[in-house]
Number of protein chains: 6
Amino acid sequence: MSGGLVTLGETMGLVAADGIGSLEFARGFAFGIGGAESNVAIGVARLGGSATWIGRVGRDATGDLIERRLRGEGVRATVIRDSSFTGLMVKHRRTAGLLHVDYHRAGSAGSRLVPADVPAAAVRSAGILHVTGITPALSGTARETVFHAVEAAHAAGVTVSVDVNYRSKLWSSYDAAPVLRDLVTRAQVVFAGPDEAELVLGPGGNPAERLAGLGPSEVVIKDGARGCTALIEGERHAVKALEVTVVDPVGAGDAFVAGYLADRLAGAGPAARLGTAIAAGAFAVTFPGDCEGLPTRPDLESLLSATDNVSR
Amino acid sequence: MSGGLVTLGETMGLVAADGIGSLEFARGFAFGIGGAESNVAIGVARLGGSATWIGRVGRDATGDLIERRLRGEGVRATVIRDSSFTGLMVKHRRTAGLLHVDYHRAGSAGSRLVPADVPAAAVRSAGILHVTGITPALSGTARETVFHAVEAAHAAGVTVSVDVNYRSKLWSSYDAAPVLRDLVTRAQVVFAGPDEAELVLGPGGNPAERLAGLGPSEVVIKDGARGCTALIEGERHAVKALEVTVVDPVGAGDAFVAGYLADRLAGAGPAARLGTAIAAGAFAVTFPGDCEGLPTRPDLESLLSATDNVSR
Amino acid sequence: MSGGLVTLGETMGLVAADGIGSLEFARGFAFGIGGAESNVAIGVARLGGSATWIGRVGRDATGDLIERRLRGEGVRATVIRDSSFTGLMVKHRRTAGLLHVDYHRAGSAGSRLVPADVPAAAVRSAGILHVTGITPALSGTARETVFHAVEAAHAAGVTVSVDVNYRSKLWSSYDAAPVLRDLVTRAQVVFAGPDEAELVLGPGGNPAERLAGLGPSEVVIKDGARGCTALIEGERHAVKALEVTVVDPVGAGDAFVAGYLADRLAGAGPAARLGTAIAAGAFAVTFPGDCEGLPTRPDLESLLSATDNVSR
Amino acid sequence: MSGGLVTLGETMGLVAADGIGSLEFARGFAFGIGGAESNVAIGVARLGGSATWIGRVGRDATGDLIERRLRGEGVRATVIRDSSFTGLMVKHRRTAGLLHVDYHRAGSAGSRLVPADVPAAAVRSAGILHVTGITPALSGTARETVFHAVEAAHAAGVTVSVDVNYRSKLWSSYDAAPVLRDLVTRAQVVFAGPDEAELVLGPGGNPAERLAGLGPSEVVIKDGARGCTALIEGERHAVKALEVTVVDPVGAGDAFVAGYLADRLAGAGPAARLGTAIAAGAFAVTFPGDCEGLPTRPDLESLLSATDNVSR
Amino acid sequence: MSGGLVTLGETMGLVAADGIGSLEFARGFAFGIGGAESNVAIGVARLGGSATWIGRVGRDATGDLIERRLRGEGVRATVIRDSSFTGLMVKHRRTAGLLHVDYHRAGSAGSRLVPADVPAAAVRSAGILHVTGITPALSGTARETVFHAVEAAHAAGVTVSVDVNYRSKLWSSYDAAPVLRDLVTRAQVVFAGPDEAELVLGPGGNPAERLAGLGPSEVVIKDGARGCTALIEGERHAVKALEVTVVDPVGAGDAFVAGYLADRLAGAGPAARLGTAIAAGAFAVTFPGDCEGLPTRPDLESLLSATDNVSR
Amino acid sequence: MSGGLVTLGETMGLVAADGIGSLEFARGFAFGIGGAESNVAIGVARLGGSATWIGRVGRDATGDLIERRLRGEGVRATVIRDSSFTGLMVKHRRTAGLLHVDYHRAGSAGSRLVPADVPAAAVRSAGILHVTGITPALSGTARETVFHAVEAAHAAGVTVSVDVNYRSKLWSSYDAAPVLRDLVTRAQVVFAGPDEAELVLGPGGNPAERLAGLGPSEVVIKDGARGCTALIEGERHAVKALEVTVVDPVGAGDAFVAGYLADRLAGAGPAARLGTAIAAGAFAVTFPGDCEGLPTRPDLESLLSATDNVSR
């Protein structure tokens, strides 16, 4: 589908304990899927855009689940079946307000991406190529794959979007900063948190301006409960967060990115994109789970116009 | 049972998703029952009054459930088994604070009430006949049945109570205002929200006074989180809402009406009735479900006297 | 998709009680979807064929669920959103071996099909048009729609498949036999049970031969735990049922049809088609639910080759 | 209600683990009620008879549950609220076929029955007074209460029915045989297993004949999977058990007794009573739980006429 | 294990309804264990201390569960199997904020403690003997056992800790004040609420000072949401409560005591002990259940350092 | 603990879908633990023996669960926390009789065992060192560790037990036969299936005799539903399997081994050992889950003496 989002990365199974407490006392578990890039793809599809996800999963039931869920969401998926296992996350709440996530992913199928996995035609016909700073941390070939896709996008004149998404555990034996800086330098659209901006650039100064100094023409700083600021084509923007009851903050950043990019693909201006991003992030935190709570357009309308809390 | 509440209407099965999210991701569902008039009947019975409910259900398991639940609550039920199906509601939460209810009820058994369904003796011996503005919207014969019962009550000198309960979806092909106004005109006791008062009377003025101008000697304006105001035998009343954590606002209005009418049947004065109404409504919103959370007298005492939150 | 299955009919929400016992004592419920024609479409898709389903659902969450589930299964769906509600089924087990299903469907969206709902191009490019004897019982316009689609298939030289699927409750005010006989007469492929053959033709004689006498060149008699017999291009076939533990027999007939038609679309001969049909039906009864248990090709291999019951 | 069943005894809360395995690994529990006499009362009510239960429960939520459940079943209950706690049973499956039940009942409210708890008018107007050999084992005053009620029935010419129901654990510090023999001697209708007959009478001989020798004119020997034999007004009867899948055998004996007594109250002859008893017992074992699976008349018809296992 | 905590008392099964509402509408139940003294023992073990619990349970599955859970927590347990049943608690929420607990414990195994149950060697080698004011209320022999253990501790120079833990229902036929005062007099460390101090000493004055006047050198006044005050070796302390979302306040007092005593056993000073006590109590209220939510040292660090609410 | 079982290997988290069907339609999941060697250790402990398990787990919640479960079972565990993740299994039923297990274990903590992980003192004081053919397949260092432990046992005169336990997937890039033959050669006690004997020795001949020819003095051939044969100190034995309803066959082989070794440690003769092995295996298959269903001595008595299926 010409002009849509194309993204690549690792999607894992997500085993989440019901209720509050250690695994031993959990009464039941849900089994979902999660991954920053597929979350963005699902988010864009729910908001009416077209989206393609590229990645590897194992020849196991978790891999089957990932394929079916993406198809159910209307995301085109180029899924390569790999001889390693599909990575898994195990999530539980230690208290009402304290989530804990373990990653069982080292050596997983998803980390074994290679440049040849990326269909050249898909990138060429994309409206936006979106990548994150997670994928280059997964393996050497995954890193190559990200940069290979970015080069292919440049060659085809396709906009490159990067969510810095620094995960300290994944980079433990490798230096993240130069890689992430390199990635930012090659992007037109960049999303980062204030801490991530410091990680890439060292401390000091205005994060949006400094990241924009590396090249990107659109820099959006996600600042959680405080909202966001942005420097877009030289113009500053700031949007406050909406007040909602937080059920599960995981996935909110991806919802935010999906909101921004879906509106950008649909031709909306910077203010509209940021408003949609903020609303999508707010909606996502009111749900348990990673991608199940990504909003549709009517969901966002309901959120914004709710005068009472029953829709009949 | 001489002197109790008699009411009639449609009661449906209520399929409610556990947790938050779309039907697809719900992990389980509860199957209860709901209906404005049977909610009021159950509420009155739980508060120690006698209550009778009249209505039609299908010859299906949902109809069986409705009969058993009402009997378990101590409500006398005149249940006519109809060849059409029992109506169903499907409820889910789109976010932590956003409920969505679908009605699968057009042409249901409950909508096929006819005047002959109403036992004349039951109305004659009632303390109060209570009807709502929902039933006249269900079908032509249901509308006739409501007005037939009201006439029978008038003839027997029985007090008529009306909860305006405007549901826009049910009236889509019909004009609600003249019917609801007609109903209010024939009542001694009227319950309405501020918007419903405007719907019946057009905009402007004090809702309680204007409704009282149509005839009723007791008008109670339910105003949700703001509490209620009333004009009872010419005297003004206002009671603030209690501060409670809202779990599910559906059914709070019915609990309020049950509290008021149970106290009225028990001979309590206006201030006591309104206090019980407010407390019952507050109790009901702290529960998921329509009628499962209707309070008993000890429940109301616990709510009002709770100094700590554990009763041993 | 040229050469695939095209089908049309009503798909409903399916609320199924966990465990055994009346609705009142059920601890939880599942919410799925079901419909003879969409079951066949899903079954064909799972077996690697292409499938299209055409039908109406309401503008409600159940309608959303139906759309998403079909998409997740890889079925192309032409879903018309109707102002009436999506039909619902309520299923529970009265004992370990006694299922009970109520239909809340009269006047539902699904019954309001009209001939214009059927995309002419879809029928023209189909490999098989499959219809059932359920749809003509739903309403006058639904009946017209079925015959309209059959005529369109004839005009385009597309094979017509009919599953007689007689449901006594739906025909209570109408005479089923002439309509079903009319449908059989216009089909090339017919599926029926022995009782259904008698219903269409009156008692006596060999069901397959007598149905074939009406015109169809392929008649398959599904006979549950006894297996099936068939008369295909003048040749007799008989296949025994597989011995499996029956968990839920609902949906087995649709799985059987899907197995036969998927193989027929793939160019397999009569014996292979019937073997796949028998295996698919056997697989489906080992699952609770209507369409969740429809098998894939690897599932059928596992079933047939299972020497122990753990696959690692 | 003149002419119905009147019974008295202890009803307890029943906490039953889901699935198979020790309490530690159970994923959830159900909370029901159970008691031999209230099971019979519920069974009679479901089969269309009138039934009254008399007993003590604590001033606790379990006592509330017992009251509500009996009312929902249409059983008239004379429930005395006692200062002791309501007894509890804890049930789990050690394997698929091995149930284990613990009784937490010593000193419970239910064991504190006194003769004054029995309303004289209820016994006088009964069609049958039914008691079991469990109640005399609970306490000295419970024993007195049973014999007091039996005397009252005799005085009023009311038929006395006794289910021997020997529970070894309850009699550990007391000799059961003379008490149970005394009870049998005062009954017109007696139910016992072969082992119970030996316990009462010592080993040897035909159990039905020997029990009848003590006085009762109707003796029914329940022999589980083998069916039953009986000596009724001097005539011998034998009925085979039905073949069903056993899910939970607890409560089958009570269902059997309810079937026999309901038919007896309705004026049916011995063969019909025994047939209903056998069918009711067969139905009950196909359910988990004590009284939730007691059948209605339509349930028995379904069981007996089931030619396929789906009723639509 | 030399130098650890030794405690004795009653531990019961705890049947807790899921969700909100009466037992009848609960969808499921959890089965855990609870008891003030074993909660403290588990709490100390989780915080890295050694702990021993002494008590009686029945020869039933609930008794098995108690043994296994304590062993899983690393608590040494001297469990005497008694011929009476294990006591049970039944817990449900009447509303989101109103818990109700019933005790089914009169005459239970746990109430039948006798002095000979206490291994002399265990007390002699203890760092702290901890008892509560619950045990003396259970029975005459249980009261003797507590005082016997306290005397044994005195004789061996072991510190005695007392949590006053007044439970009005248990003392209904007996005067609590002199017994509890006697116990306080014999302790070095005392925990009490403000109301409990008044109960022991009569109204008026500063609770910590007045309790210290009876002899203890460490008095800690637990004041729920207001935090705590203490008089330790003549020095005053006050610590505010932490702000957390209260899920279930049951067990918070035991967590507090465990935090204080674990730190005292580990040689920490008064301020550290009180800080740990406050944090442990805060952690425990964010969990449903009695002892499942007792924190480990890493849990307390997470609670205190949480800057965002996801730990990865 | 002198004279007990010592074993080593990998224990994983086990995520198991409720009910039947693909992960997508599963309504919930359980989270347990599993591993052939820890299953045997738990089995021995439940049968009254002492048992020690040695292995590596990750620094994650799954690792915590493994530690707590083993402790709760009374197994001594030498648990090394590794920087890699704890391996996970994902299990679901494709049909009522078809289990599917995926292993997410490549590179897991458990595969990173090294010889230094094995405490020399534990092996020296063991009654039996038990290893399986799974561990040598996990990694080079795991293979060294197994042979290192076997050598240490030989040096100390400790009996070595080997369960061949061939898992084809683990050996895909390596030749299993010579390694497993080498292991068998060094054992006194060997357990194998008929297929495993062929794998080690090539086809032909009597499996027990041929394995005994490699050196072991006790060879037990587990043959599933057919029972077992053995050659023990030169004497032939054969025991039939018990007839039970199979719920989940996974873990039955480990239960069998635990039964044999527990009895051997307790000094029982060959016939008794094999009888216990057969009974323990039979008991385990009636449970879902890997180690939750391992029997205690009373469980085995219940299984063998069950005349009815309710124990009270």
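Each chain has its residues counted from 1, running along the sequence as written. To label them, take the chains in the order written and letter them from A, then take the ligands in the order written and number them from 1. Given that the model is predicted, a residue must reach a pLDDT of at least 70 before its local features are reported, and side-chain atom pairs must reach 80 or more before they are shown or counted; all residues, however, enter totals for whole chains, interfaces and linings. As a convention, hydrogens and water are excluded, and side-chain values are obtained from all of the structure's heavy atoms.

Chain A goes by 2-dehydro-3-deoxygluconokinase in an unreviewed UniProt entry, where it is assigned to Actinoplanes digitatis. UniProt positions are given in the numbering used here, feature names are shortened, and annotations may be inferred rather than shown by experiment. Quoted verbatim from the Sequence similarities (unreviewed entry) heading of the UniProt record, the comment on chain A is "Belongs to the carbohydrate kinase PfkB family."

*Asks:* Would you explain the interface of chain F and chain A in this entry?
*Replies:* Interfaces are often described in size by the accessible area the parts lose on coming together. In what follows, a contact means two residues having at least one pair of non-hydrogen atoms within 4.5 Å. Contacts between the two partners involve 23 residues from chain F, matched on the other side by 23 residues from chain A. When two parts are brought into contact, each loses some accessible area as probed by a 1.4 Å sphere; the total of that loss over both is the buried area. Interface of chain F and chain A: buried area, both sides summed, is about 2100 Å²; carbon and sulfur atoms make up 67% of it. Looking at the side of chain F facing chain A, the largest losses of area belong to F:Glu24, F:Phe29 and F:His104, adding up to 27% of the total buried there. Whenever a carboxyl oxygen of Asp or Glu lies within 4 Å of a side-chain nitrogen of Lys or Arg, that contact is scored as a salt bridge. Viewed at the interface, chain A and chain F are joined by two salt bridges. Identification of polar contacts relies on pairs of N or O atoms within 3.5 Å, with a donor-acceptor requirement for protein atoms, meaning one able to donate a hydrogen and the other able to accept it, and with residues adjacent in sequence counted only if both atoms are side-chain atoms. One can count seven residue pairs in polar contact (both at pLDDT 80 or more) joining chain F with chain A. Element by element, the count of residues in the side of chain F that touches chain A is highest for helix 2 (residues 61–72) of chain F, at four residues. Gly is put with the polar residues, along with every residue not named as nonpolar or charged; the nonpolar set is Ala, Val, Leu, Ile, Met, Phe, Trp, Tyr, Cys and Pro, and the charged set is Asp, Glu, Lys and Arg. A per-class count over the side of chain F that touches chain A returns 13 nonpolar, five polar and five charged. Secondary structure elements follow DSSP: runs of H or I of four or more residues count as helices, runs of E of two or more count as strands, with numbering from the N terminus.

*Asks:* Would you take a moment to explain the pattern of salt bridges for this structure?
*Replies:* Charged atoms that come close allow side chains of opposite charge to pair. Inspection of the entire model under this criterion finds 126 salt bridges over all chains. Note that E:Glu73 is salt-bridged to E:Arg46, the shortest N-O span being 2.7 Å. Taken together, the residues span a long stretch of sequence, with E:Glu73 in the loop between helix 2 (61–72) and strand 5 (76–82) and E:Arg46 in helix 1 (residues 36–46) at a distance of 27 residues. Taken as a pair, E:Glu73 and E:Arg46 share a single burial class, namely buried. Residue E:Asp163 is joined to E:Lys222 by a salt bridge in which the shortest nitrogen-to-oxygen separation is 3.0 Å. Placement of E:Asp163 in strand 9 (residues 159–163) and of E:Lys222 in strand 11 (residues 218–222) is noted, with a sequence separation of 59 residues between them. Each member of the pair, E:Asp163 as well as E:Lys222, carries the same accessibility label: buried. Here the residues in one salt-bridge network are A:Glu24, E:Arg46, E:Glu73 and F:Arg68, joined through shared partners. Think of it in three bands: residues with accessible area under 20% of the maximum for their type are buried, residues over 50% are exposed, and the middle band is partly exposed, with areas taken using a 1.4 Å probe on protein chains only.

*Asks:* What is the right way to read the relation of the copies chain D and chain E from this model?
*Replies:* Think of it as a corkscrew move, a rotation about one axis and a shift along it, taking one chain copy to the other. Note on the copies: chain D fits chain E at an RMSD of 0.0 Å, the axial shift is 0.0 Å, and the rotation between them is 180 degrees. A rotation of that kind, with that shift, is consistent with a two-fold axis. Rotation axis and chain D: the residue whose C-alpha lies nearest the axis is D:Phe29, separated from it by 2.4 Å. The copies are overlaid by a least-squares fit using only the C-alpha atoms of residues whose pLDDT is at least 70 in both copies.

*Asks:* Where do I start with the interface of chain D and chain E in this structure?
*Replies:* With 23 residues of chain D at the contact, the number on the chain E side is 23 residues. A buried area of about 2100 Å², summed over both sides, lies between chain D and chain E, and 67% of it is on carbon and sulfur atoms. It is D:Glu24, D:Phe29 and D:His104 that lose the most area in chain D upon contact with chain E, and together they represent 27% of the buried surface on that side. Of the charged contacts in the structure, one is a salt bridge between E:Arg68 and D:Glu24, with a shortest N-O distance of 2.1 Å. Across the contact surface, chain D and chain E share seven residue pairs in polar contact (both at pLDDT 80 or more). For the side of chain D that touches chain E, the element with the highest residue contribution is helix 2 (residues 61–72) of chain D, accounting for four residues. Residue composition of the side of chain D that touches chain E, by class: 13 nonpolar, five polar and five charged.

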